[in-house]
Amino acid sequence: MADDKALTPRGQDFSSWYNEVVLRAELAEHSPVRGSMVIRPWGYTLWENMQRALDDMFKATGHQNAYFPLLIPLSFIAREAEHVEGFAKEMALVTHTRVVPDGQGGLVPDPESKLEEPLVIRPTSETIIYDAYSRWVQSYRDLPILINQWANVMRWEMRTRLFLRTAEFLWQEGHTAHATNEEAEQEAQTILGVYRTFMEEWMAMPVITGRKSDSERFPGADHTYALEALMQDNRALQAGTSHNLGQNFARQFDLKFQAESGDWEYAWNTSWGVSTRLVGGLVMTHGDDSGIVLPPKLAPVQVVITPIWKTDEQQAVVLEKAESVANVLRQENIRVHVDARENMSPGAKYYDWERKGVPLRMEIGPRDVAKQQLVLVRRVVPEGGDRKEFLSETMALSVIPERLREIQVGLLAVARRRQEANTFRLTEYGPFKKMVAERGGFYFAGWCGAVSCEDKVKEETKATIRVLPDASFRSDPPPERCLVCDGAARHEAVWARAY
RNA sequence: CGGGGCGUAGCGCAGUCCGGUAGCGCACCUGCUUUGGGAGCAGGGGGUCGCCGGUUCAAAUCCGGCCGCCCCGACCA
């Protein structure tokens with residue numbers, strides 16, 4: 001970075017900007033093990049706020065939480081052929097249970113403690129969960145099962161980035177079992193809707209929803225739905241997935257029930273998840289050259305109060321005012337923090353909280369106390385708006401909830417405009433190839449459905465089909481020809497280079 | 001796994017080419033003055049120079065080996 005104060009500007013090197021801002025906003029840092037990260041309190045509180053919102057929505061749609069174990073017998077993973085293939089190359093195994101000295105001051109696994117069957121650290125929990133469900137379900141009366149779990153999982157990735165791709169990450173995984181395919185399909189769609197609502201209304205991150213092409217489908221699923229967001233560098237981020245698993249796992253784990261007719265039938269499953277990757281998505285959606293920008297609904301601190309003083313007497317008066325104002329706001333359920341640190345100048349505090357993305361700052365100095373006024377400063381200045389507002393104390397207190405709401409919707413509006421400005425509908429391969437590689441963005445175009453066309457695009461541009469968009473996102477009229485081979489289009493597809 | 005870079009104080013780095021008492025900035029501690037956009041001055045503390053071995057009177061520096069991390073590519077949420 002240029003110096004220890006400023007961040008690398010996004011326009012200069014987006015990737016460096018991202019790494020720096022995650023570290024310097026104190027969201028997370030690298031741990032001693034490659035691919036693992038320490039999530040620091042500021043980042044974890046953000047995640048907790050996301051969890052709370054999502055968890056409430058899961059509960060409101062009839063789900064319960066449970067917890068299934070970290071370790072999965074290797075033989076379980078082996079049962080579903082596609083599942084094995086999908087995760088074979090990124091599994092961490094537990095093979096020993098004791099260590100012995102190696103004679104050189106170190107420790108090695110005790111050969112005598114080798115497990116008969118290695119245990120897999122879960123990369124996802126379908127197998128262990130459907131094994132349990134198979135014991136829970138006998139009759140159609142036991143269905144549906146609607147369970148979610150909050151857990152950590154491990155996928156031994158070759159290349160990792162804080163939040164976006166780490167070997168261990170935190171997520172939620174929902175796993176449901178239903179009596180009919182229609183019901184399972186409805187569930188997968190319902191969750192897709194829940195995710196979309198969360199991403200738009202809480203994260204202020206617009207998404208395109210749709211179905212994955214076969215090559216991007218979850219290993220073991222009949223089909224996969226996904227939500228894709230466009231980051232500021234015009235690369236797509238898969239922000240969440242919801243799978244209709246059909247009866248693929250039910251067959252392998254003998255998850256059967258007796259129907260009203262008396263016949264035995266395999267249950268229909270769904271699974272769905274979002275992870276701490278969302279934190280990375282939030283950073284790359286709203287962050288600017290000063291730091292991250294947090295939507296008020298998720299910000300660990302919504303209003304930071306920075307007191308300003310010269311003398312000890314002023315300090316006492318100003319701090320007292322700051323605390324009393326903070327308490328009034330707390331009664332309105334606003335998350336407020338008084339930054340009373342004595343060893344830091346007000347200016348330094350401003351930079352600090354701006355880097356950390358706090359939506360609103362309130363300055364209280366001796367002059368404000370005397371005039372019974374407060375100074376409000378927005379993290380992101382609306383176009384044509386004032387950066388600072390000088391308001392009477394009563395006015396300021398009543399206006400803050402309103403400001404927070406404005407900021408929340410403003411962020412979504414800006415992000416949506418950016419996404420729209422970087423979304424293109426093309427019919428010719430030449431211009432597409434050039435644009436998708438050089439400037440990025442979302443590209444809506446026809447697709448014949450052939451894997452060969454998908455592969456050709458990937459090879460030549462590194463772009464992939466992110467989704468076959470849902471009806472509400474599709475073009476009218478729909479594209480007629482395949483972007484790549486000019487054959488008849490069977491689908492409309494959204495192409496982009498992705499994280 | 002290929003290519004590149006890095007490992008020296010809590011953080012960021014210089015010093016390595018050309019061996020000779022381990023440095024700078026930030027942070028930290030003490031004191032005074034400060035505080036409305038990254039405070040100043042004075043004093044102070046803090047290091048097995050990634051690890052192991054070799055060469056040498058002498059190694060952060062040269063040689064050999066090993067380890068780790070980051071970045072760029074192939075696989076992935």
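From a predicted model like this one, the values you see are computed outputs, not experimental measurements. (Residues numbered from 1 in each chain as written. Chains lettered and ligands numbered in written order. Predicted model: local features only at pLDDT ≥ 70, side-chain atom pairs only at ≥ 80, totals over all residues. Heavy atoms only, no water.)

Looking at this structure, how should I read the overall build of chain A?
Within chain A one finds 14 helices and 25 strands. On C-alpha atoms alone, chain A measures out to a radius of gyration of 26 Å, which is about the 23 Å that the 2.2 N^0.38 rule sets for 499 residues. Taken along the three principal axes of its C-alpha coordinates, chain A extends 80 × 65 × 55 Å. Residues counted as buried form 54% of the 499 residues belonging to chain A. Taking the intrachain contacts of chain A between residues at least 6 apart in sequence as the baseline, contacts between residues at least 24 apart amount to 70%. Of the roughly 23000 Å² of accessible surface on chain A, a fraction of 50% belongs to carbon and sulfur atoms. Here chain A contributes 59 positively and 70 negatively charged side chains, and the mean placements of these two sets differ by 4 Å. (Helix = DSSP H or I, 4+ residues; strand = E, 2+ residues; numbered from the N terminus. Rg over C-alpha atoms; globule rule 2.2 N^0.38 Å. Buried < 20%, exposed > 50% of the residue type's maximum accessible area, 1.4 Å probe, protein only. Contact = heavy atoms within 4.5 Å. Areas by Shrake-Rupley, 256 points an atom, 1.4 Å probe, with all protein chains shown as cover. Lys, Arg positive; Asp, Glu negative; His and termini not counted. Charge placed at Lys NZ, Arg CZ, Asp CG, Glu CD.)

What should I look at first to understand the domain arrangement of chain A in this one?
Size of an interface: often given as the accessible area lost when the parts come together. Each domain of chain A was delimited in the assignment, giving domain 1 (14-286), domain 2 (303-410) and domain 3 (423-496). Inter-centroid distance (C-alpha atoms) of domain 2 to domain 3 is 48 Å. (Domains from an automatic or database assignment.)

Explain the environment of D470 to me, please; I cannot follow it from the model alone.
Summarising the element assignment, D470 is placed in the loop between β24 (464-469) and β25 (491-496). Placed 245 residues apart in sequence, D470 and Y225 show a C-alpha to C-alpha distance of 9.4 Å. Once you skip the residues sitting within four places of it in the chain, D470 turns out to touch L192, T209, G210 and R211.

What exactly am I supposed to notice about the packing of helix α13 (residues 429-438) against helix α14 (residues 451-461) here?
To characterise two packed helices, one gives the angle between the axes of the helices and the distance between these axes. The interhelical angle for the contact between α13 and α14, taken along N-to-C directions, is 45°, at an axis separation of 10 Å. When the axis of α13 is compared with that of α14, the two are oblique. The crossing of α13 and α14 is right-handed. Taking contact as the criterion, the partners of Y429, F432, K433 and V436 in α13 are, on α14, K456, V457, E460 and T461. (Axes fitted to C-alpha atoms, helices over the stretch in contact; angles between N-to-C directions. Parallel < 35°, antiparallel > 145°, perpendicular 65-115°, else oblique. Left-handed = near helix turned anticlockwise from the far one by under 90°.)

What is the right way to read a nonpolar patch on the surface from this model?
Together, Y67, L70 and L71 make up a nonpolar patch on the protein surface, roughly 270 Å² of accessible area in all. Mapped onto the secondary structure, L70 falls in the loop between β3 (64-65) and β4 (71-73). With a relative accessible area of 33%, L70 lands in the partly exposed category. (Patch = residues over 30% accessible without salt bridge, like charges linked within 9 Å, V, L, I, M, F, W, Y side chains within 5 Å. Salt bridge = Lys/Arg side-chain N within 4 Å of Asp/Glu carboxyl O.)

Is there a simple way to think about empty space enclosed by the protein in this case?
Sizing a probe to match a water molecule and rolling it over the atoms shows the empty space that remains. With the rule as written, the count across this model stands at one cavity of 30 Å³ or more. In this model, the largest cavity occupies a volume close to 60 Å³. Considering the residues around the largest cavity, the lining is formed by V304, Y350, W353, E354, V358, P359, L360, R361, V377, R378 and R379. Mapped onto the lining of the largest cavity, the elements with two or more residues apiece are α10 (346-355), β19 (360-364) and β20 (373-378). Top contributing element to the lining of the largest cavity by residue count: α10, with three residues. By residue class, the composition of the lining of the largest cavity is seven nonpolar, no polar and four charged. (1 Å grid on protein atoms, 1.4 Å probe; cavity = no way out; pocket = protein on both sides within 12 Å on 5 of 7 lines; lining within 4 Å. Points joined across faces, edges and corners; volume = space filled by probe spheres on them. Nonpolar A, V, L, I, M, F, W, Y, C, P; charged D, E, K, R; others polar.)

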